[in-house]
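Analysis of the macromolecular model
Listed below, chain by chain, are the residues.
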Amino acid sequence: MTTAPWQDPALPAAARVDDLLSRMTLEEKTAQLYGVWVGASTDGDGVAPHQQHMNTDYDWDELITRGLGQLTRSFGTAPVDPALGAQALARAQRRIAGAGRFGIPAVAHEECLAGFTAWGATAYPVPLAWGATFDPALVEAMAARIGRDMRSVGVHQGLAPVLDVVRDLRWGRVEETIGEDPYLVATVATAYVRGLESAGIVATLKHFAGYASSAGARNLAPVRAGAREFADITLVPFEMALREGGARSVMAAYNEIDGVPASADPHLLTELLRERWGFTGTVVADYFGIDFLQTLHRVAGSPAESGHLALAAGIDVELPTVKCYGDGLVAAVRTGTVPEALVDRAARRVLLQKCELGLLDAGWEPEAPARDVDLDSPENRAVARRLAEESVVLLADPDGVLPLAPDTRIAVVGPRADDALAMLGCYSFPSHVGTQHPETPMGIEIPTVLDALRAELPDAKVTFSEGCGVTDTDVSGFAEAVARASEADVVVAVLGDRSGLFGRGTSGEGCDVADLSLPGVQGDLLDALVETGVPVVLVLLTGRPYALGRWDGRLGATVQAFFPGEEGGPAVAGVLSGRVNPSGRLPVSVPRGTGGQPWTYLQPPLGLAGEVSSLDPTPLYPFGHGRSYTTFAWESFQGNDVTEIGTDGSYDLSLAVRNTGDRAGAEVVQLYLHDPVASVTRPDVRLIGYQRVELAAGESARVTFRFHADLSAFTDRSGRRVVEPGVLELRLAASAADVRHTARLTLTGPVRELGEDRRLRCPAEVSAAD
């Protein structure tokens, strides 16, 4: 049997794809540019809005004779046993390969934002919790496990991570982000990308770009970010994840920026992404994003026009199913309306990626799925537990109420205390899909906080009262809750969000809020508990921070957990009992007031508190804040008061961190930059480095940061990214507001313009203390 050049793995991928393209018809080339979502509902009540507009008037058997680019969510559409799902996917791939002239299978993609979105798969903490760990290595380990699970059942591409930087805490998708700082988002997301890609899964960066900067925090609302905000905050994580993480796919965002939809923006998707950054992978549409150019943005008059705009901008693959890249596009090419070269360009990128994945090799067959597929292994759960434990943030414990005594009387109160879904974000399978199939078991074990606390403190007397629902206005349960509280030594009030999609929750995609009040009457319930005089430990299980100024100084302790996943209950209970020494740090600020000041810590001088406004945006708890059950001394700082380096120079600064308490713990040393004078206004402080340090009682370690002048760069008035001469302050801090040591530098020499090879991170080293 003669092997065609395009099937020969010994040849360069480019030569193979060129040979294949020369043999394909226009219909076969366009078939590589779309996915098909088999089994998705079109009745308007599916996973996402606008599913009813999906094009389903095709004959599957006829369609696949042309080939097929992608299969959409074989596991993430409805509950399916993983082993049976793997077998069904393999059968579908054989049919696709057998139906076309070239025998090319589809790329199978799935969501994997907080774990593989499949029935029975591990539900890890949400990305906001990853940010709270300040532990990229652990996030990378988690992503590698997610990737291996996906590969084991035949999936090739994962639609994660989210690199949007939080700009308004009222936005529903805050839970999906890593935080409000671009450096934290960039470093943690890059680690996730490396982990996923290490397992052979194509990581997809989303949402490119500006999605989180929507006006009024409304999902899909227009973005009115300025050029410098876009360059210096929005784009930074994407650049790092591509350059250092090696992500092979990017998802175009839904939003528009200054009237231009991202999905129709060649400056963004071609000039910046490919010509400047050198990206060679695939750009995929967010679900229905190409069709939205006609239906929502109204910059196109037909599906074919939408397809033309998206292709010209640089979107290679239409997801989740064929609408704009199908027969209408073929007809437009035939009439000369759309250049065939655009189809060839996109098809070449898709086929190059399939070549990388081995899908063009002669004799390709889907891997035989295992009879028993365990997507929630003990090893997975161990990583999920560690990630959950590291992500819990102790905000305050002013009177030493925590840890709880092992034999105390505890009244557990609140609507999130005894609900397994309280642990999960909207892209975890039980919340994302499972709620639409109430007849199906959850598929994984998720202990609640109540269950976990009883197991954690078996000698304690634990009572429970829900008090109220998450969003209900009914206060009839308050009386019982107050009665249980009055009988206890301490109250654990477990409050927070119910994650969902498009208004079916208080947090999640399409669940934006008008202000940052606790949902429903939960705030009133908390007031009633506090008024009993019994110490109240507030435990928040949320997808965003909520304003807590109303209870400042009134609570015994406050613990924040951002949807900590299937092992979140034991992680929170471990913090309450003292088995776990809390080490999480805030990836987002916690506001004092509920409205008017939803912005983040990255503010220039006029964005800070001052005499020009009666509104004070100062947060109750700042970015980077978190307490511990042990204490740390920051000693032996090494850095000169005044040091001159060139605008291309570097500078090391270090300090010793000593655990001065009686138990092991972890400190997070944070490095911030303050630029007193610049040619454009700059954030008062911004994170440029950090290092998590785990220390036994009495142990010390030296943390050294290797600062380079590139890290002070910003976009100037002309749009260039520059390093300017002048004075800088490097601040070693325990949070954005808790500065421990400062090094003052003077950059000398000319203004220096940076290229695409600029340094993006500040290396940190941990060594033995002197």
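Scroll up a little and you will see the structure.
First, a word on scope: everything that follows refers to the structure included in this document. Worth saying up front: this structure is predicted, and the values here are computed from it rather than measured. (Residues numbered from 1 in each chain as written. Predicted model: local features only at pLDDT ≥ 70, side-chain atom pairs only at ≥ 80, totals over all residues. Heavy atoms only, no water.)

Here's the deal with the overall build of the protein chain
Formally: Numbering of helices and strands starts at the N terminus; helices are DSSP runs of H or I of at least 4 residues and strands are runs of E of at least 2. The quantity called the radius of gyration is restricted to C-alpha atoms. Its globule counterpart is 2.2 Å times the number of residues to the power 0.38. Each residue gets one of three labels from its accessible area relative to the maximum for its type: buried under 20%, exposed over 50%, partly exposed in between, using a 1.4 Å probe on protein chains only. Residue contacts are counted whenever heavy atoms from the two residues lie within 4.5 Å of one another. Computed by Shrake-Rupley with a 1.4 Å probe, the accessible areas treat only the displayed protein chains as cover when residues are assessed. Note on charges: Lys and Arg go in the positive column, Asp and Glu in the negative column, and His and the chain ends are not counted at all. Lys charges are placed at NZ, Arg charges at CZ, Asp charges at CG and Glu charges at CD.
Secondary structure summary: the protein chain contains 20 helices and 27 strands in total. Against the globule reference of 27 Å for 770 residues, the protein chain gives a C-alpha radius of gyration of 26 Å, in line with a compact fold. For the protein chain, the C-alpha atoms occupy an extent of roughly 75 × 70 × 50 Å along the three principal directions. Split into buried and exposed, the 770 residues of the protein chain put 62% on the buried side. Residue pairs at least 24 apart in sequence account for 79% of intrachain contacts in the protein chain once pairs closer than 6 positions are excluded. Accessible surface computed for the protein chain: about 26700 Å², of which carbon and sulfur atoms make up 48%. Here the protein chain holds 66 positive side-chain charges and 100 negative ones, and the gap between their average locations is 3 Å.

Section: a negative patch on the surface
How we decide: Residues forming no salt bridge and having over 30% relative accessible area are the ones grouped into patches, like charges within 9 Å of each other and nonpolar side chains (Val, Leu, Ile, Met, Phe, Trp, Tyr) within 5 Å. One speaks of a salt bridge when a side-chain nitrogen belonging to Lys or Arg is within 4 Å of a carboxyl oxygen belonging to Asp or Glu.
A cluster of acidic residues, Asp-418, Asp-451, Glu-466, Asp-472 and Asp-474, forms a negative patch on the protein surface. With respect to the element layout, Asp-472 can be found in the loop between β12 (461–465) and α18 (478–486).

Details of the environment of Phe-75
You can see Phe-75 is positioned in the loop between β2 (70–72) and α4 (82–99). Sequence separation of Phe-75 and Val-317 is 242 residues, and the distance between their C-alpha atoms is 20 Å.

Some points on the pattern of salt bridges
Following the criterion strictly, the structure yields 58 salt bridges and no others. A salt bridge links Arg-66 to Asp-327; its shortest N-O distance comes to 2.8 Å. Here the residue Arg-66 occupies a position in the loop between α3 (60–63) and β2, and Asp-327 occupies one in helix α13 (residues 327–334), the gap between them amounting to 261 residues. Through salt bridges with shared partners, one network takes in Asp-376, Arg-381, Arg-385, Glu-389, Glu-456, Glu-566, Glu-567 and Arg-579.

What about the nonpolar core?
Rule in force here: Here, the term nonpolar core denotes a set of buried Ala, Val, Leu, Ile, Met, Phe, Trp, Tyr and Cys residues that are joined through side-chain atoms within 4.5 Å.
Phe-116, Tyr-192, Phe-208, Tyr-325 and Leu-730 are the most contacted members of the largest nonpolar core, which totals 208 residues. Beyond its immediate chain neighbours, meaning those up to four positions away, Tyr-325 contacts Thr-30, Leu-33, Tyr-34, Ile-290, Gly-307, Ala-310, Leu-311, Ile-315, Asp-316, Val-317 and Glu-318. Ranked by size, the runner-up nonpolar core spans 37 residues in total, among them Ala-417, Ile-446, Ala-557 and Ala-561.

Considering the pairing of strand β25 (residues 738–748)
Using the following cut-off: The rule for pairing is simple: two strands pair if DSSP sees at least two bridges between them.
Here five bridges tie strand β17 (residues 642–646) to β25, and the two strands are oriented parallel to one another. Across the sheet, residue Thr-643 finds its bridge partner in β25, namely Leu-745. Alignment of strand β24 (residues 726–735) against β25, held across nine bridges, turns out to be antiparallel. Pairing of Leu-732 across the sheet is with His-741, part of β25. Linking β24 to β25, which pair antiparallel, is a turn of two residues.

What about the packing of helix α7 (residues 182–198) against helix α9 (residues 236–243)?
Short version of the rule: Axis geometry follows a simple rule: fit a line to the C-alpha atoms, using only the stretch in contact for helices, then measure angles between N-to-C directions, giving values from 0 to 180 degrees. Here roughly perpendicular refers to angles of 65 to 115 degrees, roughly parallel to angles under 35, roughly antiparallel to angles over 145, and oblique to all remaining angles. We call a crossing left-handed when the near helix sits turned anticlockwise from the far one by less than a right angle, and right-handed when that turn is clockwise. Ten residues, namely Ala, Val, Leu, Ile, Met, Phe, Trp, Tyr, Cys and Pro, are considered nonpolar, four, namely Asp, Glu, Lys and Arg, are considered charged, and the remaining ones, Gly among them, are considered polar.
Two elements in contact, α7 and α9, have axes whose closest approach is 8 Å; the angle formed by their N-to-C orientations is 30 degrees. In terms of orientation, α7 and α9 fall into the roughly parallel class. Both α7 and α9 take part in a crossing whose hand is right-handed. The segment α7 lies against α9, with Pro-182, Val-185, Ala-186, Thr-187, Thr-190 and Val-193 engaging Val-236, Pro-237, Met-240 and Ala-241. Grouping the constituent residues of the contact of α7 with α9 by class yields eight nonpolar, two polar and no charged.

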